[in-house]
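Below, each chain spelled out in residue letters.
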Amino acid sequence: MVVHEPQTNPQSSIRTSIINDFAFVVATQNGSGSQTSNNVLVKSLFDMGIPVNGKNLFPSNIKGLPTWYTIRASKDGYTARRAVTEICVAYNPDTAAEDISNLPPGGVCILPADWHWGHSRSDIIYYEVPVKELMEKTDIHKDFRKRIENMTYVGAVAQLFGIPLERIYYALLDNFNGKAKPADMNMQVVRLAHEWFAANVEKRDPFRFEPMDGTKGKILITGNEAAALGALFGGVTVVAWYPITPSTSLVDAMMSFKHIRRDETTGKDTVAIIQAEDELAAAGMIVGAGFSGARAMTATSGPGISLMAEFSGLAYFAEIPCVIWDVTRMGPSTGLPTRTSQGDLLFAHFLGHGDTRQICLLPANPEEAFEFGWRAFDIAEQYQTPVFVLSDLDLGMNNWMAEPFAYPEEPINRGKVLDAEALQAFISQHGKWGRYMDVDGDGVGYRTLPGTNHPMAAYFGRGTGHNAMATYSERSDDWVANMTRLRRKLEGARQNLPMPVVHDDGAPVAIVSFGTNEPAIEEARDMLAARGISTDYLRVRALPLHDSVLDFIHQHERVYVVENNFDGQLRQIISLEDNRDLRHVHSVALGDGLPMTAHWLMENILKYETVEA
């Protein structure tokens, strides 16, 4: 596979065309309607068969602040963020000077002609859009013009770089759920800009799009939408939540899709979605629903997880199944609410005071967000415990290419649930039933659900010390026996959680990571290979770590643990799990709020490799 460095093509040569292998950034103001414009461009390129990925960098819900949207097209299928973009659509006067200065030599700047900005650089190409002139030609009501004028750059981009207008229109229809009136209103502006550029502007740059088949059979979807669909297919019945960026759109998607689970006979919903007064209340609701036998979940982010700590500890110790989606953003505290991060790994894994150890699933793409959406419920009920799914803002809120989702072939796993008949059979066999008895030796007791019609079915789900019969106890031997059983349960889960993804060709150098770093890692591995450094790769998909992760680490001479947080948290967890010599394991961590780039990763691994050489 061909590996490309950031483009620095001189302005002088248009003959060496660059086709389907460049990136551009759109700089606008938050609240200006640019989300529609940018989504239309991404969907249009996807429909042309061009592998594409869009990354939205936006402020925390404050109208007028700067927002940037980076679109990368890659004929080779790379989807990681590019630090260098060859084209800038500069539609925000507050950031235009910096945006233009970030362009490489030979880059392209598209900006409004009405600004009379001037051309401060002689080594880039300028195209000016007569925004006011074009908008005055429309019959659009003045109340809508400001929000639609961003469509002028859509028309300019389409004409300059070769996006067919029919693709733009289909994308607009899709964006407006098939409603022709708003699609036609936006398309009017796109056509005017397209026609003006065709008649008045000579193309002087080498960049263009051409149709290909790189997206054949794929879909374009956000991770939050995929997670919502997965949960619905997994039988979720109760969703309690409180809005917080970047998880809100997960529950929004749940509300949009819940009709697929509607009762065919009565026409009523089978999923209850409740907006709680805060995250603490939402956690209490799902713990109560899980205790009652519902498949219950919530979706939140780091600050919400902080508030849920007490209830998650209760669910861990009382052994109540529930699912918590943590769509991670930057912390500590309020942090950077609209920036991505993998900084909740340690926090979620050990959430709850005392000796608490939570199961965590770590999706890397929409396919896994869908799979873990349903599988998390099976795991939670099988092991009678909370299950955390750690997504992040990048996966959750951005559009990703994905394979169509496979309907779960496995039947729903409710775990060890006793109805009245099974409870009587249990008592007949064992002489008694206690909620926390471990008759199978796997640490998992048998549970009943409220309303089970048997005189021995009731028990207290205690967050205080208890014995195997769920009776309150402060005896040290009861406490140690209970904690030992919980640890045995966790150790059993360790080998049955989603296995790591491994690419092992026997190279001396290896990369270990998790989640959405994967696109940058895949590209960086190709870049390193082009420099003579072959690498193996393992992606962790669950905590606690599978034994094969530690085996992989000790099979390689040098290991780089790559993660998008400041403290190298996965590297710390590896140290906690393994008491062997780990001096060959290096942390390559960057918590800057942005999706990782392949170029940064390659450079930082090369620093170590140069020293080793």
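Cut-offs used in this document
Residues numbered from 1 in each chain as written. Predicted model: local features only at pLDDT ≥ 70, side-chain atom pairs only at ≥ 80, totals over all residues. Heavy atoms only, no water. Salt bridge = Lys/Arg side-chain N within 4 Å of Asp/Glu carboxyl O. Helix = DSSP H or I, 4+ residues; strand = E, 2+ residues; numbered from the N terminus. Buried < 20%, exposed > 50% of the residue type's maximum accessible area, 1.4 Å probe, protein only. Pairing = 2+ DSSP bridges. Axes fitted to C-alpha atoms, helices over the stretch in contact; angles between N-to-C directions. Contact = heavy atoms within 4.5 Å. Phe/Tyr/Trp six-rings, centres within 6.5 Å; stacked < 30°, edge-to-face > 60°. Parallel < 35°, antiparallel > 145°, perpendicular 65-115°, else oblique. Left-handed = near helix turned anticlockwise from the far one by under 90°. Nonpolar A, V, L, I, M, F, W, Y, C, P; charged D, E, K, R; others polar. Domains from an automatic or database assignment. Polar contact = N/O pair within 3.5 Å; in protein donor to acceptor, adjacent residues only side chain to side chain.

**Q** I'm lost on the pattern of salt bridges in this one. Help?
**A** For the structure on display, the rule yields 37 salt bridges. The closest approach of N and O atoms between Lys43 and Asp174, which form a salt bridge, is 2.9 Å. Remark: Asp174 occurs in helix α6 (residues 165-175) and Lys43 occurs in helix α1 (residues 34-47); sequence separation between them is 131 residues. The partner of Asp477 in a salt bridge is Arg475, with the nearest N and O atoms 2.9 Å apart. Of the residues examined, Asp477 reaches a relative accessible area of 43% and is grouped as partly exposed. Under the relative-accessibility criterion, Arg475 is labelled exposed at 52%. Salt bridges sharing partners connect three or more residues here, namely Glu368, Glu371, Arg375, Glu410, Glu518, Arg539 and Arg541.

**Q** Sorry, what's going on with the sheet that holds strand β18 (residues 501-503) here?
**A** What links the strands of a sheet is backbone hydrogen bonding, and the strands pair in either a parallel or an antiparallel sense. Taking strand neighbours across the sheet as the criterion, the 5 strands line up as β18-β20-β19-β22-β23 in an open arrangement whose pairing is mixed. In the strand order of this sheet, the two ends are held by β18 and β23 (585-589), each with one partner. Direction aside, neighbouring strands of the sheet carry axes that sit 20 degrees apart on average. With 6 bridges connecting them, strand β19 (residues 509-514) and strand β20 (residues 535-540) associate as parallel partners. For Ile511, the partnering residue across the bridge sits in β20 and is Tyr537. Sitting on the sheet, helix α18 (residues 518-530) touches β18, β19, β20 and β22 (558-563), and the angle it makes with β20 is about 175 degrees.

**Q** Hey, could you run me through the packing of aromatic side chains in this one?
**A** Aromatic ring pairs are reported here in terms of the distance separating the ring centres and the angle at which the planes meet. Applying the stated criterion across every chain yields a total of 15 aromatic pairs. Aromatic pair Phe370 and Phe405: ring centres 4.6 Å apart, planes at 10 degrees, arrangement stacked. In this pair, Phe370 sits in helix α14 (residues 366-383) while Phe405 sits in the loop between β17 (399-402) and α16 (420-430), placing the two residues 35 residues apart along the sequence. Taking 5.9 Å as the distance between ring centres and 75 degrees as the angle between the ring planes, the aromatic pair formed by Trp433 and Tyr459 counts as edge-to-face. Residue Trp433 is located in the loop between α16 and α17 (476-494), and its partner Tyr459 is located in the loop between α16 and α17; the two are separated by 26 residues in the primary sequence. An aromatic cluster is built from Phe22, Phe24, Phe161, Phe207 and Phe209, whose rings are joined through pairwise contacts.

**Q** Would you take a moment to explain unusual backbone geometry for this structure?
**A** Leaving glycine aside, a negative phi is the common case for residues, and trans is the common case for peptide bonds. The omega torsion across Thr245 and Pro246 is 10 degrees, close enough to zero to call that bond cis. Checked against the element boundaries, Pro246 lands in the loop between β10 (238-241) and α9 (248-257). The linkage connecting Leu543 with the following residue, Pro544, adopts the cis geometry, with an omega of 5 degrees. Located in the positive-phi region is Asn20, a residue other than glycine, with phi close to 55 degrees. By the secondary structure assignment, Asn20 is in the loop between β1 (18-19) and β2 (21-29). You will see that Ser333, though not glycine, has its phi angle at about 55 degrees, which is positive. With respect to the helices, strands and loops of the structure, Ser333 is situated in the loop between β13 (322-330) and β14 (336-340).

**Q** When you look at the pairing of β13 in this model, what are you seeing that I'm missing?
**A** Side chains on a regular strand alternate between the two faces of the sheet. With 9 of 9 residues buried, β13 is to be regarded as a mostly interior element. With 7 bridges joining them, β13 and strand β16 (residues 386-392) adopt parallel strand pairing. Counted as the bridge partner of Asp326 is Leu390 from β16. Across 2 bridges, the pairing between β13 and β14 is antiparallel. From the neighbouring strand, Met330 faces β14, where its bridge partner is Leu336. Hairpin connection from β13 to β14: 5 residues lie between these consecutive antiparallel strands, with Ser333 at a positive phi of about 55 degrees.

**Q** I'm lost on the packing of helix α10 (residues 279-291) against helix α12 (residues 309-318) in this one. Help?
**A** Working note: a packed helix pair is described by the angle between its axes plus the distance between those axes. Look at α10 against α12: their axes get within 8 Å of each other, and the N-to-C directions meet at 15 degrees. It follows that α10 is roughly parallel to α12 by the angle criterion. Along this stretch, α10 crosses α12, giving a crossing that reads as left-handed. Residues Leu280, Ala283, Gly284 and Val287 of α10 touch α12, and the partners they reach there are Phe311, Leu314 and Ala315. Considering only residue class, the contact of α10 with α12 consists of 6 nonpolar, 1 polar and no charged.

**Q** I would appreciate a short explanation of the domain arrangement of the chain in the present structure.
**A** Frequently, the measure chosen for interface size is the accessible area removed from exposure when the parts meet. Here the chain is described as being made up of domain 1 (11-208), domain 2 (221-402), domain 3 (420-494) and domain 4 (501-612). Summarising the inter-unit geometry, the C-alpha centres of domain 1 and domain 2 are found 35 Å apart. In this assembly, domain 1 and domain 2 are joined by 1 salt bridge. The salt bridge partner of Asp394 is Lys55, with a shortest N-O separation of 2.9 Å. Summed over the shared surface of domain 1 and domain 2, the result is 6 residue pairs in polar contact (both at pLDDT 80 or more).

**Q** What's the story with the side chain of Asn517 in this structure? I'm lost.
**A** Relative to the helices and strands, Asn517 resides in the loop between β19 and α18. At 3.5 Å, the side chain of Asn517 forms a polar contact with the backbone oxygen of Val562. Apart from residues no more than four positions distant in its own chain, Asn517 is found in contact with Gln342, Val562, Glu563, Asn564 and Met596.

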